[in-house]
4 protein chains.
Amino acid sequence: MADLERFSVSMDGDLLAAFDQRIGQAGYQNRSEAIRDVIRDYLVEQQVQLPDANVIGTVTIMYDHHSRLLEDRLTDLQHDHHDAIRCSTHVHLDHHNCVEVIVLSGASARVREIADNLISTRGVKHGRLVMTAPQ
Amino acid sequence: MADLERFSVSMDGDLLAAFDQRIGQAGYQNRSEAIRDVIRDYLVEQQVQLPDANVIGTVTIMYDHHSRLLEDRLTDLQHDHHDAIRCSTHVHLDHHNCVEVIVLSGASARVREIADNLISTRGVKHGRLVMTAPQ
Amino acid sequence: MADLERFSVSMDGDLLAAFDQRIGQAGYQNRSEAIRDVIRDYLVEQQVQLPDANVIGTVTIMYDHHSRLLEDRLTDLQHDHHDAIRCSTHVHLDHHNCVEVIVLSGASARVREIADNLISTRGVKHGRLVMTAPQ
Amino acid sequence: MADLERFSVSMDGDLLAAFDQRIGQAGYQNRSEAIRDVIRDYLVEQQVQLPDANVIGTVTIMYDHHSRLLEDRLTDLQHDHHDAIRCSTHVHLDHHNCVEVIVLSGASARVREIADNLISTRGVKHGRLVMTAPQ
């Protein structure tokens, strides 16, 4: 981490008031902290579009745990990509549904491909990928 | 517009350098301008989720212009909601495809509903809604 | 357009009922039409990520029309990229705010770049890009 | 789960070929499976907008593990909302950065609020929420 820099920003009062109100609701205690976060989000947004960017991906899938074949298949998939899969966490949601959250790291294009593979597995009802990157 | 306010922000140097590089690429000439924009985007993101928020919606639809019935139907729809529809612009894309861009204003929930109606019209191949709001 | 094909899909009754209800609300008159639309949206989603894909982009920007320099700058920008810009439409929103909707066509990477340039123009308060592609 | 239903869909051949190619790449073995998935995604998209909808949220946050106060604060937050937080998983990313993935369940509005609180915690560098819902 480099040294801390300090700079000034000008903004019309209405916009600043609206921002302060919104970040207060969100729980921010400090305006600089909130500005750093929206800036990081703006940067991550573009970074994760680059196929070679090094990212963290979280895949959330929902599936019916009665399909035993599915669990075997998901386990196989995760072993095939063991170098990219950091861990996975399982939640028993209700009598039928399980949620599994898989954390991946690697090049953005590969993370997307593995996520596609997990989500397209027969028996997975729904899945979504979200990506972040160190800033 | 209220008076201009000026305040200072602290940030570690690496993050600031990454932001300056990205906004340079995007064409910003000024850091304050870029920060105001990311702040407005953060506010709009939440505002357009509120059903009663007053928003501007832009619906972009693609359709096959050979279906004459479709054009009539789209025109009818726009007349039914004339108070919410500000204007529409038509682009002849290629031999088959037309793009129509419709600008709507009103409560977020109503804008979504009209957009759903436009996009679901038989013959419309694809459509997307994007919303903004005055800040 | 190729010949029409017909195929069958199996689905559990609850999911089908939920889909039928949702598409009824959205205004679809026909299940096949709705399925074609969600399929096109799924395809467009991936296509627009490819930098070379030929896309249509709609940029919606909001700005204060009192800044005369801005209008000149936006006009210049649009002339610089005249081969990619199909048209633009202007809406006088209220005493302060104008909305301009610019329709672009070309490679996805170039459309993003021009959109960045339009949105980063000093005086533009907020802007969003949405992309579609012929299917 | 209700009984399985079977119905037919008509589609022009080009669109069907593009869909078959894309789902083959994604790893689907079966067209019905892929169609069920895009339909579920379309339904989830709308559901998670409703403040009272029962959803699963996955919050992925990145932070600097050197800030000991942060870990205490995150733990406190998770205890405050223990009824909504199903579990959390921690990944040591590199010398500086940690990723924590928190799985929440409950009403969509509450899940968003807790996610806002986690992401706005001082020291969290970036965070994203993704939601799904049983279908």
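Up top is the structure.
Residues numbered from 1 in each chain as written. Chains lettered and ligands numbered in written order. Predicted model: local features only at pLDDT ≥ 70, side-chain atom pairs only at ≥ 80, totals over all residues. Heavy atoms only, no water.

I'm lost on the relation of the copies chain D and chain C in this one. Help?
Note that the two copies of the chain are related through a rotation about an axis and a translation along the same axis. Of the transformation superimposing chain D on chain C, the axial component is 0.0 Å and the angular component is 180°, with the fit at an RMSD of 0.0 Å. Here the two chains are linked by the operation of a two-fold rotation axis. The position closest to the rotation axis in chain D is occupied by the C-alpha of S8 of chain D, lying 2.0 Å away. The overlap is high: 100% of the interface residues of chain D also sit at the interface in chain C, so the same surface is used on both sides. (Least-squares fit on C-alpha atoms with pLDDT ≥ 70 in both. Contact = heavy atoms within 4.5 Å.)

Where do I start with the interface of chain D and chain C in this structure?
Often the size quoted for an interface is simply the accessible area lost on bringing the parts together. Each partner contributes to the interface: chain D provides 34 residues, whereas chain C provides 34 residues. Scanning the region where chain D abuts chain C turns up zero salt bridges. Here chain D and chain C share 14 residue pairs in polar contact (both at pLDDT 80 or more) between them. Of the residues contributing to the side of chain D that touches chain C, the split by class is 18 nonpolar, seven polar and nine charged. Summarising the sheet, strand β1 (residues 4-12) of chain C and strand β1 (residues 4-12) of chain D pair through nine bridges and their orientation is antiparallel. Residue R6 of chain C lies in a different strand from β1 of chain D, and its bridge partner there is S10 of chain D. (Salt bridge = Lys/Arg side-chain N within 4 Å of Asp/Glu carboxyl O. Polar contact = N/O pair within 3.5 Å; in protein donor to acceptor, adjacent residues only side chain to side chain. Nonpolar A, V, L, I, M, F, W, Y, C, P; charged D, E, K, R; others polar. Pairing = 2+ DSSP bridges. Helix = DSSP H or I, 4+ residues; strand = E, 2+ residues; numbered from the N terminus.)

Where do I start with the packing of aromatic side chains in this structure?
Aromatic rings in a pair are described by how distant their centres are and how their planes are angled relative to each other. Tallying each qualifying case throughout the model produces four aromatic pairs over all chains. For the pair F19 of chain A and Y42 of chain B, a centre-to-centre distance of 5.9 Å together with 75° between the ring planes defines the contact as edge-to-face. Of the two residues, F19 of chain A is situated in helix α1 (residues 13-26) and Y42 of chain B in helix α2 (residues 31-47); the pairing between them involves two chains. Relative accessible area serves as the criterion here: at 0%, F19 of chain A is assigned to the buried category. Taking NZ or CZ as reference, R31 of chain C lies 4.4 Å from the ring centre of F7 of chain D, over its face. (Phe/Tyr/Trp six-rings, centres within 6.5 Å; stacked < 30°, edge-to-face > 60°. Buried < 20%, exposed > 50% of the residue type's maximum accessible area, 1.4 Å probe, protein only. Lys NZ or Arg CZ within 6 Å of the ring centre and 35° of its normal.)

What is the right way to look at the environment of V101 of chain B in this model?
Position of V101 of chain B relative to the elements: it lies in strand β4 (residues 97-107). Residues contacting V101 of chain B, with those up to four places away along its chain left out, are T58, V59, T60, C87, S88 and T89 of chain B together with T58, V101 and V103 of chain C.

Mind showing me how you'd approach helix α1 (residues 13-26) of chain B here?
Helical geometry: 3.6 residues make up each α-helical turn, so side chains three or four residues apart lie on a common side. With 14 residues, α1 of chain B ought to run about 20 Å at 1.5 Å a step, and its terminal C-alpha atoms sit 20 Å apart, in line with that. Buried-residue contacts for α1 of chain B involve β1 (4-12) and α2 (31-47) of chain A, β1 (4-12) and α2 of chain B together with α4 (108-119) of chain C. Between the side-chain oxygen of the N-cap and the backbone nitrogen of D14 of chain B there are 3.1 Å, and the N-cap of α1 of chain B in question is D12 of chain B. Just downstream of α1 of chain B, G27 of chain B is the residue with a positive phi angle, here 105°. (Expected span 1.5 Å × (residues − 1).)

Please explain the packing of α1 of chain B against α2 of chain B as it appears in this structure.
When two helices pack together, their arrangement is given by the angle between the helix axes and the distance between those axes. All names here are of chain B. Running from N to C, α1 and α2 point in directions that differ by 90°, and their axes come no closer than 11 Å. Taken together, α1 and α2 sit at an angle that is classed as roughly perpendicular. Two secondary-structure elements touch here, α1 through L16, F19, D20 and I23 and α2 through R31, A34 and I35. Across the contact of α1 with α2, the residue classes break down as five nonpolar, no polar and two charged. (Axes fitted to C-alpha atoms, helices over the stretch in contact; angles between N-to-C directions. Parallel < 35°, antiparallel > 145°, perpendicular 65-115°, else oblique.)

Would you mind showing me how to read the side chain of E100 of chain D here?
All names here are of chain D. Inspection of the secondary structure puts E100 in strand β4 (residues 97-107). Accessibility expressed as a relative area gives 9% for E100, which makes it buried. Within the structure, the side chain of E100 is placed 2.9 Å from the side chain of H90, a separation counted as a polar contact. With near-sequence residues (within four places) excluded, E100 lies in contact with V59, T60, I61, Y63, Q78, S88, T89 and H90.

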